[in-house]
Amino acid sequence: MGKIFREFFGFGGYSREPEGYMSWQHLVFVTSLMIIMIALAIFLGLKNRHKDDKTKNKVLIWAAILIDSFELFKIIIVCAKDGSLEPLSGLLPLFLCSIQLITIPLAAFAKGRIKEAALDFLFIFGLLGAVLGTYGAGQNYACYPVLSFDNVVSGITHSISGFSALYIAIADMISMKAQNIWITFLILLSFCLVAYIADVLIPYNYNYMFLMRGDGTPYDLLYNLVNGNKVLYPIGVVLLFIIYISLFYLIYFLIRKSKNKPKHTA
């Protein structure tokens, strides 16, 4: 039992060889997480859709508590394995998916426009982050066994982000107000700026918000397109984020407009 415990958490290093990115083990594991995520979001979303805001919000409160608890647990284990607090500099919530560690609690506990903007940001990026952090996590699944602490916790936290995004859509909690668009952009650009500063200043090979390189993710396509240019690549990543947000809002508003369009009767 002790050996299994050490092997799962990686104390002393994993003795098992990683099954590999896009291996059948990787695909079965993350697909199982996605199925659970979608099923729970549909079940709870439909269950609470016509209930009061307080009842709807309870699910988000639990999602906020769980995602931050898992992340805190990960930090404790990583530091325990290293025997120091040095790994903390590499665990800052400055990845695209890590932003949900902050926006889900904001969506759950804040009020007014801050809550609305957090809900919208979660709606826009939660599902994308879930897919990129599971199916697109090339670096993780190339380095660690599929059923290891690193990949299991990462899979769970990314799934919570995706679940939260689907849940607020199904439970009819999103606002997507035009006057809050600038807040969504501000949240993203602020994180990108802080992440880039951290990437440049922290004396380790970190890659927050994937602003330095693709690291086995789909961002490698852009990295290779600009030949790893240290100026064009990060600018390109930020532009992709901006384009994605703009297209998301545009498609959402077009769909909403078509639904609200009065039907002509004969």
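Because the structure is predicted, anything quoted here is derived from the model rather than measured. (Residues numbered from 1 in each chain as written. Predicted model: local features only at pLDDT ≥ 70, side-chain atom pairs only at ≥ 80, totals over all residues. Heavy atoms only, no water.)

### Focus on the confidence of the model for the protein
Our working definition: The quantity known as pLDDT measures the predictor's confidence residue by residue, on a range of 0 to 100. A run of H or I in DSSP becomes a helix once it reaches four residues, and a run of E becomes a strand once it reaches two; helices and strands are each numbered from the N terminus.
Looking at the protein, pLDDT values average 88 and 97% of them are 70 or higher. Here helix α1 (residues 2-9) stands out as the least confident element of the protein, with mean pLDDT 74; helix α2 (residues 24-48) is the most confident, with 96.

### Some remarks on a nonpolar patch on the surface
Put simply, the test is: In this scheme, patches are assembled from residues that exceed 30% relative accessible area and form no salt bridge. Like charges are connected within 9 Å, while nonpolar side chains (Val, Leu, Ile, Met, Phe, Trp, Tyr) are connected within 5 Å. Under the convention used here, a 1.4 Å probe and the Shrake-Rupley method define accessible areas, while residue burial counts only the protein chains that appear. For this analysis, a salt bridge means a side-chain nitrogen from Lys or Arg found within 4 Å of a carboxyl oxygen belonging to Asp or Glu.
A cluster of nonpolar side chains, namely Val-231, Ile-235, Leu-239, Leu-240, Ile-243, Leu-247, Leu-250, Ile-251, Leu-254 and Ile-255, defines an oily patch on the protein surface of about 910 Å² accessible area. Tracing the sequence through the fold places Ile-235 in helix α10 (residues 232-260).

### So, the nonpolar core
Defined as follows: Put simply, a nonpolar core is a bunch of buried Ala, Val, Leu, Ile, Met, Phe, Trp, Tyr and Cys residues held in one set by side-chain atoms that sit within 4.5 Å of each other. Relative accessibility decides the category of a residue: with a 1.4 Å probe and only protein chains considered, values under 20% of the type maximum give buried, values over 50% give exposed, and everything between is partly exposed. We call two residues in contact when some of their heavy atoms are within 4.5 Å.
Counting residues in each nonpolar core, the largest one holds 62 residues, and the members touching the most others are Leu-60, Leu-96, Phe-125, Ile-168, Leu-188, Met-209 and Phe-241. Looking at this core, the elements with two or more residues in it are α2, α3 (53-82), α4 (100-109), α5 (112-132), α7 (149-170), α8 (181-201), α9 (219-225) and α10. In this view, Leu-96 contacts Phe-125, Leu-188, Met-209, Tyr-219 and Phe-241; residues no more than four positions away in its chain are not counted.

### What about unusual backbone geometry?
Positive phi is not limited to glycine here, since Asp-172 has a value of about 60°. Turning to its location among the elements, Asp-172 is positioned in the loop between α7 and α8. Phi at Met-176 is positive, roughly 50°, even though this residue is not glycine. The residue Met-176 is located in the loop between α7 and α8 in this model.

### Observations concerning the packing of aromatic side chains
Defined as follows: Stacked, tilted and edge-to-face are the three classes assigned to paired rings of Phe, Tyr and Trp, where Trp is represented by its six-membered ring and a pair needs centres within 6.5 Å; plane angles under 30 degrees give stacked, over 60 edge-to-face, the rest tilted.
By the definition in use, this model includes 20 aromatic pairs. Centre to centre, the rings of Phe-9 and Phe-149 are 5.2 Å apart; their planes meet at 35°, and the pair counts as tilted. Taken together, the residues Phe-9 in helix α1 and Phe-149 in helix α7 connect sequence positions 140 residues apart. Phe-149 matches Phe-9 in its accessibility class, with the two residues each being buried. Their ring planes at 20° and their centres at 5.9 Å tell us that Phe-163 and Tyr-167 sit as a pair that is stacked.

### Points about α7
Rules: Helix span, as expected, comes to 1.5 Å for every residue beyond the first.
In this model, α7 (22 residues) spans 31 Å end to end at C-alpha, consistent with the 32 Å of a helix rising 1.5 Å per residue. Counting buried positions over the 22 residues of α7 gives 19, a clear majority of the element. Positive backbone phi, at 60°, marks Asp-172, one or two positions downstream of α7.

### Some details on the pattern of salt bridges
Within the structure shown, the criterion is met by three salt bridges. In this structure, Glu-71 and Lys-74 form a salt bridge, with 3.1 Å as the shortest nitrogen-oxygen distance. Placement of both Glu-71 and Lys-74 in helix α3 is noted, with a separation of three residues, approximately one turn of the helix. For Glu-71, a relative accessible area of 12% translates into the label buried.

### A closer look at the side chain of Thr-157
Checked against the element boundaries, Thr-157 lands in helix α7. If we skip the residues at most four places from it in the chain, Thr-157 touches Ile-67, Phe-70 and Glu-71.

### Some thoughts on the environment of Ser-159
Take Ser-159: it is sitting in helix α7. The buried category is assigned to Ser-159, whose relative accessible area is 8%. As a C-alpha pair, Ser-159 and Ile-35 span 124 residues in sequence and 9.7 Å in three-dimensional space.

### Considering the environment of Cys-192
Looking at the element boundaries, Cys-192 is found in helix α8. In the structure, Cys-192 is positioned 16 residues away from Tyr-208 in sequence and 8.4 Å away in space, judged by C-alpha atoms. Ignoring any residue separated from it by four or fewer positions in sequence, one finds Cys-192 in contact with Met-209, Leu-211, Val-238 and Phe-241.

### Quick word on the packing of α5 against α7
When two helices pack together, their arrangement is given by the angle between the helix axes and the distance between those axes. Inclusion rule: For helices, the fitted axis covers only the stretch in contact; all axes are lines through C-alpha atoms, and the angles between them, taken along N-to-C directions, range from 0 to 180 degrees. Orientation is classified from the angle alone, with under 35 degrees giving roughly parallel, over 145 giving roughly antiparallel, 65 to 115 giving roughly perpendicular, and any other angle giving oblique. Here is the rule for handedness: rotate from the far helix to the near one, and if that takes an anticlockwise turn smaller than a right angle the crossing is left-handed, while a clockwise turn gives right-handed.
It is the contact of α5 with α7, at a shortest axis distance of 7 Å, that shows an interaxial angle of 135°. If you check the angle between α5 and α7, you find them oblique. The two elements α5 and α7 cross, and the hand of that crossing is left-handed. Contacts between α5 and α7 involve Leu-119, Leu-122, Phe-123, Gly-126, Leu-127, Gly-129 and Ala-130 on the former and, on the latter, His-158, Ser-161, Gly-162, Ser-164, Ala-165, Leu-166, Ile-168 and Ala-169.

### Remarks on the packing of α5 against α10
Packing of α5 against α10 leaves a shortest axis separation of 11 Å and a crossing angle of 115°. Between α5 and α10, the angle falls in the class roughly perpendicular. Both α5 and α10 take part in a crossing whose hand is right-handed. On α10, the residues touching Asp-120, Phe-123, Ile-124, Phe-125 and Leu-128 of α5 are Phe-241, Tyr-244, Ile-245, Phe-248, Tyr-249 and Tyr-252.

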